[in-house]
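Reading the structure
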There are 2 protein chains.
Amino acid sequence: MPRSRVTLKDVAAASGVSATTASFVLNRVTGQTIPPATQERVRRAAAELGYVPHGSARALREGSSRLVLLNVGELPVAGSLRSFIAGLDAELAAHEHTLLVRHGRTGDATLRRAVETADPRAVIDLVKVYAADDPDRLDGGWIDGLATHTATQIDYLAGRGHTRIGFAMPSDDRLARIARLRLQQARTVARTRGLPAPAEFTLDDFVAAAGTITAVATFDGHAQARVVPPVAVPDGHAAVTAVAAFDDDTALRLLSAMADRGLHAPDDLAVIGFDDTGHGGFWRPALTTVRIDAEGYGRRAARAVLGLPTDAAPPAPSTVIVRSTA
Amino acid sequence: MPRSRVTLKDVAAASGVSATTASFVLNRVTGQTIPPATQERVRRAAAELGYVPHGSARALREGSSRLVLLNVGELPVAGSLRSFIAGLDAELAAHEHTLLVRHGRTGDATLRRAVETADPRAVIDLVKVYAADDPDRLDGGWIDGLATHTATQIDYLAGRGHTRIGFAMPSDDRLARIARLRLQQARTVARTRGLPAPAEFTLDDFVAAAGTITAVATFDGHAQARVVPPVAVPDGHAAVTAVAAFDDDTALRLLSAMADRGLHAPDDLAVIGFDDTGHGGFWRPALTTVRIDAEGYGRRAARAVLGLPTDAAPPAPSTVIVRSTA
DNA sequence: GTGCTGCACTAAATCGAATTAGTGACGCGG
DNA sequence: CCGCGTCACTAATTCGATTTAGTGCAGCAC
């Protein structure tokens, strides 16, 4: 029985009022005096007929749909992004909005097309947020929060007595911008704590800054690690004793390379991940990492895009999940 | 300079024709005779003014928007789902449509709300596809293809001389329905090949069907594995020599539990994953797994929802990525 | 009884594109 | 020169909800 769509007019007819009145009632428009009895009639009719407002018609009239678009590009939906999405979605739903996500290598053009056809109320472009500083950010303070989470990570290592720390960068170019930001933050934290600046290294070329690490490996970019012989620590340099990784994935790759060389965490080298994905817990040794209240940031982002005050209910501070590698 | 939206009327005015004509030109409506010169004028005006059709208005008129909604629920966007999305998106884009994804624990109600506000041309609900047989499936044959991919997995093990095979089920209830389907398929394949039926086990209770495995572990549901003492193989039963896992994640958990017990793959027990996520390649030993041409299925799904013929260009057959565990 | 206020509503316009049903001008056959 | 068809367009309607600008009536003050 695919009877055609129930419109506002149908509801109005069924309850013996005009569409205008029906609209006023169903949208709880203020400044209108409509007796409770009439309101009740309208609402009952709407419920009985199973009326649902037509999204496109409403969007046309209101100027934009009640959708919010989140562009995640090729970021994996795991760990904190998953929670971020959950928080965002929940808070938006609480305000009659819906979250929809765009995935994939998004040329600017495809995102624009998506925006044109969905006509969303707002767009949160994480790819852009990650790729550059974006003055009017809608990420709920996600990027800003990163500094304190990085501090959580470095402080844990420092608290364990490590002073010569390495910072492992991801090999994925798309993450380069934010990785550099994280590295700066790590250095700032170290300076504040009176520690030497963390040594930067990428896993593609494990030799890192001035040979400050004792293990060397190169990666073929995808999955397999190729191991090359160890490098002597040059005179005047001390070996790194702990590594803070850009994220869990980077940490896991490092662990994998270490295992290939017979190195063991945390004894040979302590490793701490960042932004728990759950995967790290299955590794042996299990990865110590930092957990972030991404859901809180998601909720803040939602409030930001809807123009609501974001001061209330700040995200919880990040914490260290202590497992075995550091 | 937030000059207001450029509408079709603006384009019409700028090129000295009516909105009707402009619409005909821009939509390449057949059965209309419009001289190339006029067409050129309209198109040029559209380009110069930067006209973009208003998605909501078009949706209102056409009956639905040019969006396609994919509900992935809490499935991780990794491995084949990522490729599925890529293929779906590309094929839809080629036909002027846009893919948008819904994430998260989706009560039916929230999905419905999303559908109401986005008013999409079609909805592909993977959660539903995974949870039950769905007569008019729009998944591009994904579920159907599973049988042949399962065969790829089992056949590889058989080809290596294994006859007593276990099938490791995921501990996640949300995957139970599809896991059972996979198990049935594995058994069918085994029967066809003259092998004993694969033993089912879940990682939550590793003891499995009638003690057919030599290692025992229980999991706390999230990340950590708790190890309990080994169980003797009961009389009249032979130990499993190889395990086909429901997916890479399940395989990795198994590997993790084995490492805790000092068991080594493939010697103590061969393990093959399913649906390469890339992660498996970083493990030591690196996980052997099955790769699926999910992108092809995504493209087929796109054609299915758009009502295009899906016969052409079937997805490529699945292949085994041989690494170290089997 | 006139003027005014407040109540309980409604007609009509609006958002922007697509589409149906034409219209006027011109050419051509008869 | 009449009739017909084709060409090159266009006016007007439609999709469904929201919103502005009212309308008609009752009740009250003066």
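A brief look at the structure comes next. Note that the structure is a prediction, hence the values are computed from the model and not measured.

Considering the protein's contact with DNA strand D
Leu8, Asn27 and Arg61 of chain A together with Ser18 and Thr21 of chain B are the nearest of the 26 residues found near DNA strand D. Near-protein atoms of DNA strand D (within 4 Å) split between backbone and bases, with sugar and phosphate holding 56%. The backbone of His54 of chain A places a nitrogen or oxygen atom 3.4 Å from a phosphate oxygen of DNA strand D. Here a base nitrogen of DNA strand D sits 2.9 Å away from a polar atom, N or O, in the side chain of Thr20 of chain B. Breaking the surface near DNA strand D down by element, the ones donating at least two residues are helix 2 (19-26) and helix 4 (55-62) of chain A together with helix 2 (19-26) and helix 4 (55-62) of chain B. By residue class, the composition of the surface near DNA strand D is 11 nonpolar, 11 polar and 4 charged.

A closer look at the protein's contact with DNA strand C
Looking at DNA strand C, there are 26 residues lining it, with Ser18 and Thr21 of chain A together with Leu8, Asn27 and Arg61 of chain B nearest. Here Tyr51 of chain B contributes a side-chain N or O atom positioned 2.9 Å from a phosphate oxygen of DNA strand C. The contact in question runs from a base nitrogen of DNA strand C to an N or O atom on the side chain of Arg61 of chain B, over 2.4 Å. Of all the secondary structure elements, the ones that give two or more residues to the surface near DNA strand C are helix 2 and helix 4 of chain A together with helix 2 and helix 4 of chain B. Looking at the surface near DNA strand C element by element, the count peaks at 4 residues for helix 4 of chain B. Residues belonging to the surface near DNA strand C are distributed by class as follows: 11 nonpolar, 11 polar and 4 charged.

Some thoughts on the nonpolar core
If you look at the biggest cluster of nonpolar residues, it comprises 99 residues, and the most contacted ones within it are Leu70 and Phe84 of chain A together with Leu70 and Phe84 of chain B. When sequence neighbours within four positions are dropped, the list of residues in contact with Leu70 of chain B reads Phe84, Ile85, Leu88, Leu99, Leu100, Val101, Arg102, Ile124 and Leu126 of chain B. Grouped together as the second largest cluster of nonpolar side chains are 34 residues, Val243, Phe282 and Leu287 of chain A together with Leu254 of chain B included.

What about the sheet that holds strand 5 (residues 199-202) of chain B?
All names here are of chain B. On the basis of which strands lie adjacent, the open sheet formed by 4 strands has the order 5-4-8-9 and parallel pairing. Only two strands of the sheet have a single neighbouring strand rather than two, namely strand 5 and strand 9 (270-272). Mean inter-strand twist for the sheet, computed between neighbouring axes without regard to direction, equals 25 degrees. Here strand 4 (residues 165-169) pairs with strand 8 (residues 242-245) via 4 bridges, running parallel.

Here's the deal with the interface of chain A and chain B
Contacts between chain A and chain B engage 49 residues on the former and 49 residues on the latter. Roughly 4300 Å² is buried in total at the junction of chain A and chain B, and carbon and sulfur atoms are behind 52% of that figure. The largest contributions to the chain A side of the interface with chain B come from His103, Phe282 and Arg284 of chain A, which together make up 16% of the buried area. Linking chain A to chain B there are 4 salt bridges. Arg113 of chain A is paired through a salt bridge with Glu96 of chain B; the nearest N and O atoms lie 3.8 Å apart.

Structural notes on the sheet that holds strand 8 (residues 242-245) of chain A
Residue and element names in this part refer to chain A. Strand order in the open sheet formed by 4 strands is 5-4-8-9, and the pairing between neighbours is parallel. With one partner strand each, in any of the chains shown, strand 5 (199-202) and strand 9 (270-272) form the two edges of the open sheet. Ignoring strand direction, the axes of neighbouring strands in this sheet form an average angle of 25 degrees. Bridging between strand 4 (residues 165-169) and strand 5 involves 4 bridges; their strand directions are parallel. Looking across to strand 5, one finds that Ala168 is bridged to Phe201. Taken strand by strand, helix 8 (residues 142-159) contacts strand 4, strand 8 and strand 9, and its axis lies near 170 degrees from that of strand 8. Contacting strand 4, strand 5 and strand 8, helix 9 (residues 176-192) crosses the sheet at an angle of about 170 degrees to strand 4.

Here we look at the packing of aromatic side chains
The tally for this structure, following the rule as stated, stands at 5 aromatic pairs over all chains. Here the aromatic rings of Phe84 of chain A and Trp142 of chain A are separated by 5.9 Å at their centres, their planes lie at 55 degrees, and the arrangement is tilted. Of this pair, Phe84 of chain A sits in helix 5 (residues 79-93) while Trp142 of chain A sits in helix 8, placing them 58 residues apart in sequence. Each member of the pair, Phe84 of chain A together with Trp142 of chain A, is buried. Ring geometry for Trp283 of chain A versus Trp283 of chain B: centroids 5.3 Å apart, planes at 50 degrees, classification tilted. Of this pair, Trp283 of chain A sits in the loop between strand 9 and strand 10 (289-291) while Trp283 of chain B sits in the loop between strand 9 and strand 10 (289-291), which puts the two residues in different chains.

Section: the environment of Leu254 of chain A
All names here are of chain A. Structurally, Leu254 is set in helix 10 (residues 248-260). Leu254 sits in the buried class, given a relative accessible area of 0%. Distance in space between the C-alpha atoms of Leu254 and Tyr297 is 29 Å, their sequence separation being 43 residues.

Definitions and cut-offs
- Per-chain numbering applies: the sequence of each chain, read as written, is numbered from 1 onward.
- The naming scheme follows written order: chains are lettered A onward, ligands numbered 1 onward.
- Reporting in this predicted model follows two pLDDT cut-offs: at least 70 for local features of residues, and 80 or more for side-chain atom pairs to be given and counted; totals over whole chains, interfaces and linings ignore these cut-offs and use all residues.
- Side-chain metrics rest on all non-hydrogen atoms present in the structure, leaving aside hydrogens and water.
- One heavy atom within 4 Å of a molecule or strand makes the whole residue count as near it.
- N or O atoms closer than or at 3.5 Å make up a polar contact, with two conditions inside protein: a donor-capable atom paired with an acceptor-capable one, and, for residues adjacent in sequence, both atoms drawn from side chains.
- Strands here mean DSSP runs of E at least two residues long; helices mean DSSP runs of H or I at least four residues long; both are numbered from the N terminus.
- Each residue gets one label: Ala, Val, Leu, Ile, Met, Phe, Trp, Tyr, Cys and Pro are nonpolar, Asp, Glu, Lys and Arg are charged, and the others, such as Gly, are polar.
- Here, nonpolar core refers to any group of buried Ala, Val, Leu, Ile, Met, Phe, Trp, Tyr and Cys residues whose side-chain atoms link them within 4.5 Å.
- The rule is simple: take the accessible area with a 1.4 Å probe, protein chains only, and divide by the maximum for that residue type; under 20% is buried, over 50% is exposed, in between is partly exposed.
- Contacts are assigned to residue pairs with any non-hydrogen atoms lying within 4.5 Å of each other.
- Criterion used throughout: strands pair if DSSP finds at least two bridges between them.
- Helix axes are fitted only over the stretch in contact, all axes being lines through C-alpha atoms; the angle between N-to-C directions runs from 0 to 180 degrees.
- A 1.4 Å probe defines the accessible area here, and the buried area is the portion of it lost by two parts on being joined, summed over both.
- Basic side-chain nitrogens of Lys or Arg form a salt bridge, by our definition, when they fall within 4 Å of a carboxyl oxygen of Asp or Glu.
- Aromatic contacts are taken between Phe, Tyr and Trp rings whose centres are within 6.5 Å, Trp giving its six-membered ring; a plane angle under 30 degrees counts as stacked, one over 60 as edge-to-face, and the others as tilted.

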